[in-house]
Amino acid sequence: MSHNSYGTHLRRWALTLPPIETAISYARDLLIRSLQCGPIPQHIAFVMDGNRRYARTHSLETIEGHNLGFESLARILEVCYKSGVKVVTIYAFSIENFKRSKWEVDALMDMAKTKLVAMSGHGELLERYGARVRILGDRSLVRDDVLRQIDRAVEMTKGNGKAVLNVCFPYTSREEITQSVRETVRQYSEPLRPEERPREKKKMFCESHIRRNIQSRQLESVLEEDDRPRRDSARSHREDDIMVSDADSASTNSDLDNSTLLGEAPSSRTSHSTSPVLKPTPMNHLPDPESITAETLTQNMYTADAPPLDLLIRTSGVCRLSDFMLWQCHEATELRFLDVLWPEFDLWHFVPVLLDWQRKQRKDGDDAARASGRLKTQ
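Residues numbered from 1 in each chain as written. Predicted model: local features only at pLDDT ≥ 70, side-chain atom pairs only at ≥ 80, totals over all residues. Heavy atoms only, no water.

Turning to the overall build of the chain, a few remarks are in order. A count of helical and extended segments in the chain gives twelve helices and six strands. In the chain, which comprises 378 residues, the proportion classed as buried is 34%. Here the contacts in the chain between residues at least 6 apart in sequence split such that 80% fall between residues at least 24 apart. Just so you have it, the chain exposes about 23600 Å², and 55% of that area is on carbon and sulfur atoms. (Helix = DSSP H or I, 4+ residues; strand = E, 2+ residues; numbered from the N terminus. Buried < 20%, exposed > 50% of the residue type's maximum accessible area, 1.4 Å probe, protein only. Contact = heavy atoms within 4.5 Å. Areas by Shrake-Rupley, 256 points an atom, 1.4 Å probe, with all protein chains shown as cover.)

Below, the structure written as structure tokens:
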């Protein structure tokens, strides 16, 4: 047994001693209560990185490193929910992870289905804190037996309404954005129901509004050209009526009567207008694609019901997002990259991050208050 492995086992044994365990539990509760005195992030995401590296450095099997990672997850979830965090999103399995060995992929799948059901059981972590499970990702890539078990975990926790655990499995942001665009296209390809059809509103630079204006102007010019020969013809007829005799007038009336009897309209012999027939634009009542906004795509994301992402934490010292929560990261999201492997990530690593986040929130609030005060005095 290596020196590092021996030290790890000795430390774990010491932490299980009743006096030390009681003292640690008391200190943990005290820290969490102190966190509750300040603002709490409502949505935290974790990239749980470093399980395999931890296993290698401690001469363990790879799957044992993932098992220890799940134990660390349970500890962190308890801290989050006890502190008041409403939504936790974890990067459990990337679509890119299918490129790993079949043995490791199958082991991760089996672990996911057993651990999720265990965490969702009666009296377990998720029930104690009223958290429900949501699976985010491409379900078509998951084995049927795994789907049945994760759906069982979702069903077991569907009545919990205090918090949410989003399990991204299997997931990438590119796939999420792709399905959001696909869903948006589907929605905007279906005709609106009568009660959903908006009233016509004028838009100064709307493409459809410009097209209708051009068509209406063309129609007005065509009608004016069509009326001009009619007005000229009517004027010449009035002049002829003054100069012709009653007999010629009677003859003209007779010709008109004969043409009427033959089924011809009186104007069919005098009007030779070639004005085009303008067909009205068909009204298919599809949603206006110009109404698509970033919010439209957000509503079709997997995390549509979640609050904005406040804090994203990645362990193992790697400073990249790895195609995780790219759409959800916004100008106020704080990204923290910690130089600690996920199985070692615990309360003592997590609390300083939360305290620093609270400090920045207070500072931003003070700055906003000062800016508001200056505006009022001006």
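After presenting the structure, the write-up continues.
As a further point, take the environment of A55. The residue A55 is located in helix 3 (residues 51-57) in this model. What makes A55 buried here is its relative accessible area of 1%. For A55 and H66, which are eleven residues apart along the polypeptide, the C-alpha to C-alpha distance reads 8.2 Å. Excluding residues within four positions of it along the chain, A55 makes contact with L60, E61, T62 and G65.

Right, let's talk about the pattern of salt bridges for a bit. Once the charged atoms of two side chains with opposite charge are near each other, the side chains can pair. In this structure the tally under the stated criterion is 23 salt bridges. One connected set of salt bridges, linked through shared partners, spans K102, D106, D110, K113, R143 and D145. (Salt bridge = Lys/Arg side-chain N within 4 Å of Asp/Glu carboxyl O.)

Here we come to the nonpolar core. Ranked by internal contacts, the top residues of the largest apolar core, which has 50 residues, are F46, Y81, V88, L165, F169, F345 and F350. Not counting the four nearest positions on each side in its chain, F46 is found in contact with I76, C80, V88, T89, I90, Y91, I313, F324, W342, F345 and F350. One finds A45, Y91, L136 and C168 within the second-largest nonpolar core, a separate group that totals twelve residues. (Core = buried A, V, L, I, M, F, W, Y, C linked by side-chain atoms within 4.5 Å.)

With that settled, consider the environment of G121. Looking at the secondary structure, you find G121 in the loop between helix 5 (102-120) and helix 6 (125-128). Taking the relative accessible area as the measure of exposure, G121 reaches 11% and is therefore buried. Linking G121 and T157, residues 36 residues apart in sequence, is a C-alpha distance of 8.5 Å.

The strand order across the open sheet built from six strands is 3-4-2-1-5-6, with neighbouring strands paired in parallel fashion. In the strand order of this sheet, the two ends are held by strand 3 (131-136) and strand 6 (334-337), each with one partner. For this sheet, the mean angle separating the axes of adjacent strands, direction not counted, is 15°. Sheet analysis places strand 1 (residues 43-47) next to strand 2 (residues 87-91), joined by four bridges and oriented parallel. (Pairing = 2+ DSSP bridges. Axes fitted to C-alpha atoms, helices over the stretch in contact; angles between N-to-C directions.)

Strand 1 sits mainly inside the fold: five of its five residues count as buried. Burial along strand 1 is two-sided: H43, A45 and V47 and I44 and F46, pointing in opposite directions, are all buried. As defined by bridge partners, strand 1 adjoins strand 5 (residues 311-314) across four bridges and the pair is classed as parallel. Directly across from V47, in strand 5, lies its bridge partner R314.

We now examine the packing of aromatic side chains. All chains considered together, the criterion is met by twelve aromatic pairs. Aromatic side chains W342 and F345 sit 5.3 Å apart centroid to centroid with 25° between the ring planes, which places their arrangement in the stacked category. The class for F345 is buried, based on a relative accessible area of 0%. (Phe/Tyr/Trp six-rings, centres within 6.5 Å; stacked < 30°, edge-to-face > 60°.)

Attention now moves to the pairing of strand 5. Residues in a regular strand point their side chains to alternate faces of the sheet. Residues L311 and I313 of strand 5 are buried on one face, and the alternating residues L312 and R314, pointing to the opposite face, are buried as well. Note: strand 5 against strand 6, four bridges, orientation parallel. By the bridge assignment, L312 is partnered in strand 6 with L335.

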